[in-house]
Amino acid sequence: MTPAPPQQGKPIPAVQEALLSWFDHSGRALPWRLGEEGARDPYRVWVAEILLQQTQVARGLVYYERFLTAFPSVQALAEAPIDAVLKAWEGCGYYARARNLHKAAGVMVTGGVPSTYAGWLALPGVGPYTAAAVSSLAFNEGRAVNDGNVRRVLARLYGERLPTEPWVQARADALLAQSRPGAFNEAVMDLGATICTPKAPRCEACPLAAWCEASASGEPTAFPAPKVRAAVRDVGAVAVLIGNGENAVLERRQGALLGGLMGLPSELREPDEAAAEALARLCTRLDATPGAMLGTVTHAMTHRRIVLDVYAANSAQARTPVQDAALSRLDHKALGLLEARRGSLFGVQDLV
DNA sequence: AAAACGGGGGA
DNA sequence: TCCCCAGTTTT
């Protein structure tokens, strides 16, 4: 229906100039953009890039200030206990990022702060995107970033509905302004975040509209096509609340889900295993006496949904202050069940 | 090159 | 509920 665009490549220099010129007057002022263009503070950029992985800038801003205040330098971060780092990260999600940040800081205080793409890529938690971002923004290395914004902007500019990763990287490499790599990368991401947005792009305000095939098609949101997503599977689990909302028995979560954080003692349910069975297993492990069920909380993640049955229980184990521990939203919800019980016919004491 | 993995918030 | 966010790692 839409006629094939007469597309045989873009006037690259004109596109670069239009984008950089737009960026020079409409780019965002962000707290990790201190210092000269192409010579930002690598520590501040690195922390920001990790924080912004799969996290929107508006949310990241809240955590950024908190984290930089707690750990103003790579030395301060490396010397801090991991629990303090996780506590600063609490609520932010993807907690492996905080563990990798701490680990990488340790590598850097002994091995030095890398100044190249390859050096950054070798650090834990740093992939192609972050290595390109830090090396270009802080060291002006000519590396094109490839993130969700870049993917969308380029898919639209070139009218590609199904952009593969290699395709996006090749286009980004070809378009990168070698004279200002750091600014160019910041510019594409700003354009994607403020103009070339997923659902309501403002093509009339876009500096690249004249060359954009998706805009010309009249249906820019069709580029790129939405990704097919994997089904979300339910994961059943049981947990016990021993104590109260202020002091409770907590244990460190092992494994991939919320790993490293503290939480109510819990056990995953085997497929087809009854909750009572898992509860018995849990209480045996803890040497605890099970009490009444407090309720069920659910916690959605990208491809899993945790369905957690929470029970009161009693044991001689030491309670720890809840406030000091780094907990996920899941455990905050579970602890919230206690609040719901107050004022009911039975006091909490009766339940245990 | 594609799939798996992993938290959260906004509409 | 669905969408996707300045991705990384594994297959």
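Just so it is clear, the structure is predicted and the values come from calculations on it, not from any experiment.

### Some points on the protein's contact with DNA strand B
Near DNA strand B you find 23 residues, and of these Gly 93, Pro 166, Ala 256, Thr 302 and Arg 329 are the closest. Contributing elements (two or more residues each) for the surface near DNA strand B: helix H10 (165–175) and helix H14 (329–341).

### Description of the domain arrangement of chain A
Taken domain by domain, chain A comprises domain 1 (12–222) and domain 2 (233–351). Each of domain 1 and domain 2 has a C-alpha centre, and these two points are 37 Å apart. Facing 9 residues of domain 1, the contacting portion of domain 2 comprises 7 residues. Mapped by element, the contributors of at least two residues to the side of domain 1 that touches domain 2 are helix H5 (82–89) and helix H6 (96–111). Counting residues per element, the side of domain 1 that touches domain 2 draws most heavily on H5, at 4 residues. In the side of domain 1 that touches domain 2, the residues fall into 4 nonpolar, 1 polar and 4 charged.

### Details of the pairing of strand E7 (residues 304–314)
In this structure, strand E1 (residues 233–241) lies alongside E7, joined through 9 bridges in parallel fashion. Directly across from Val 235, in E7, lies its bridge partner Ile 306. Bridge count between strand E6 (residues 289–300) and E7: 9 bridges; the pairing is antiparallel. Within the sheet, the bridge partner assigned to Gly 295 lies in E7 and is Val 310. Where E6 folds back on E7, the antiparallel hairpin that results is connected by 3 residues.

### Concerning the environment of Val 228
Take Val 228: it is sitting in the loop between helix H12 (213–217) and E1. Overall, Val 228 belongs to the exposed group, with 5 C-beta atoms counted inside 10 Å. Each C-alpha atom of the pair Val 228 and Glu 186 lies 28 Å from the other, and the pair is 42 residues apart in sequence.

### Some remarks on the nonpolar core
Counting residues in hydrophobic clusters, the biggest one holds 95 residues, and the most contacted among them are Val 240, Leu 241 and Ala 334. Excluding residues within four positions of it along the chain, Ala 334 makes contact with Ala 239, Leu 241, Leu 264, Val 297, Leu 308 and Val 310.

### Focus: the sheet that holds E7
A sheet is described by the order of its strands in space; here 4 strands give the open sequence E5-E1-E7-E6, paired in mixed fashion. The open sheet has two edge strands, strand E5 (266–268) and E6, and neither has a second partner. On average, each strand axis in the sheet is inclined to that of its neighbour by 20°, with strand direction left out of account. Contacts from helix H13 (residues 275–286) reach E1, E5, E6 and E7 within the one sheet, and its direction differs from that of E1 by about 45°.

### Here we look at the environment of Ala 104
Examined against the element boundaries, Ala 104 turns out to sit in helix H6. Linking Ala 104 and Trp 120, residues 16 residues apart in sequence, is a C-alpha distance of 9.7 Å. Apart from residues no more than four positions distant in its own chain, Ala 104 is found in contact with Leu 123, Pro 124, Gly 125 and Val 126.

### A word on the protein's contact with DNA strand C
Taken together, 26 residues surround DNA strand C, and among them Gly 127, Thr 130, Asp 147, Gly 148 and Met 189 come closest. Secondary-structure elements contributing two or more residues to the surface near DNA strand C are helix H2 (42–51), helix H8 (128–139), helix H9 (148–157) and helix H11 (181–194). Considering each element in turn, the surface near DNA strand C owes the most residues, 4 residues, to H11.

### A look at H2
With 10 of 10 residues buried, H2 lies mostly within the body of the structure. If you check which residues of H2 are buried, you get Pro 42, Tyr 43, Arg 44, Val 45, Trp 46, Val 47, Ala 48, Glu 49, Ile 50 and Leu 51. Considering only its buried residues, H2 is in contact with helix H3 (57–70), helix H4 (74–79), H6 and H8.

### Describing the packing of helix H1 (residues 12–26) against H11
In contact at an axis separation of 9 Å, H1 and H11 are set at 80° when each is read in the N-to-C sense. What the angle tells us is that H1 and H11 run roughly perpendicular. Contacts between H1 and H11 involve Gln 16, Leu 19, Leu 20 and Phe 23 from the former and Ala 183, Phe 184, Glu 186, Ala 187, Val 188, Asp 190 and Leu 191 from the latter. Class assignment for the residues of the contact of H1 with H11 results in 8 nonpolar, 1 polar and 2 charged.

About the cut-offs
- All residue numbers refer to positions counted from 1 along the written sequence of the respective chain.
- Chain letters and ligand numbers both follow the written order, the letters beginning at A and the numbers at 1.
- Only residues with pLDDT of at least 70 are given local features in this predicted model, and only at 80 or more are side-chain atom pairs given and counted; all residues enter the totals for whole chains, interfaces and linings.
- The C-beta atom of each residue is placed using the backbone, and any residue whose C-beta lies within 6 Å of a molecule or strand is treated as near it.
- Secondary structure elements follow DSSP: runs of H or I of four or more residues count as helices, runs of E of two or more count as strands, with numbering from the N terminus.
- Start and end positions for the domains come from either an automated domain assignment or a database one.
- We call two residues in contact if the C-beta atoms placed from their backbones are at most 7 Å apart.
- Under the scheme applied here, ten amino acids are nonpolar (Ala, Val, Leu, Ile, Met, Phe, Trp, Tyr, Cys and Pro), four are charged (Asp, Glu, Lys and Arg), and all others, including Gly, are polar.
- A pair of strands is treated as paired once DSSP finds two or more bridges between them.
- Any residue whose C-beta has 12 or fewer other C-beta atoms within 10 Å is treated as exposed, any with 20 or more as buried, and any in between as partly exposed, C-beta atoms being built from the backbone.
- By convention in this section, buried Ala, Val, Leu, Ile, Met, Phe, Trp, Tyr and Cys residues joined through C-beta atoms within 7 Å make up a nonpolar core.
- Only the stretch in contact is used when a helix axis is fitted, and all axes are lines through C-alpha atoms; the angle between N-to-C directions ranges over 0 to 180 degrees.
- Oblique is the label for any angle not covered by the other classes, which are roughly parallel (under 35 degrees), roughly antiparallel (over 145) and roughly perpendicular (65 to 115).

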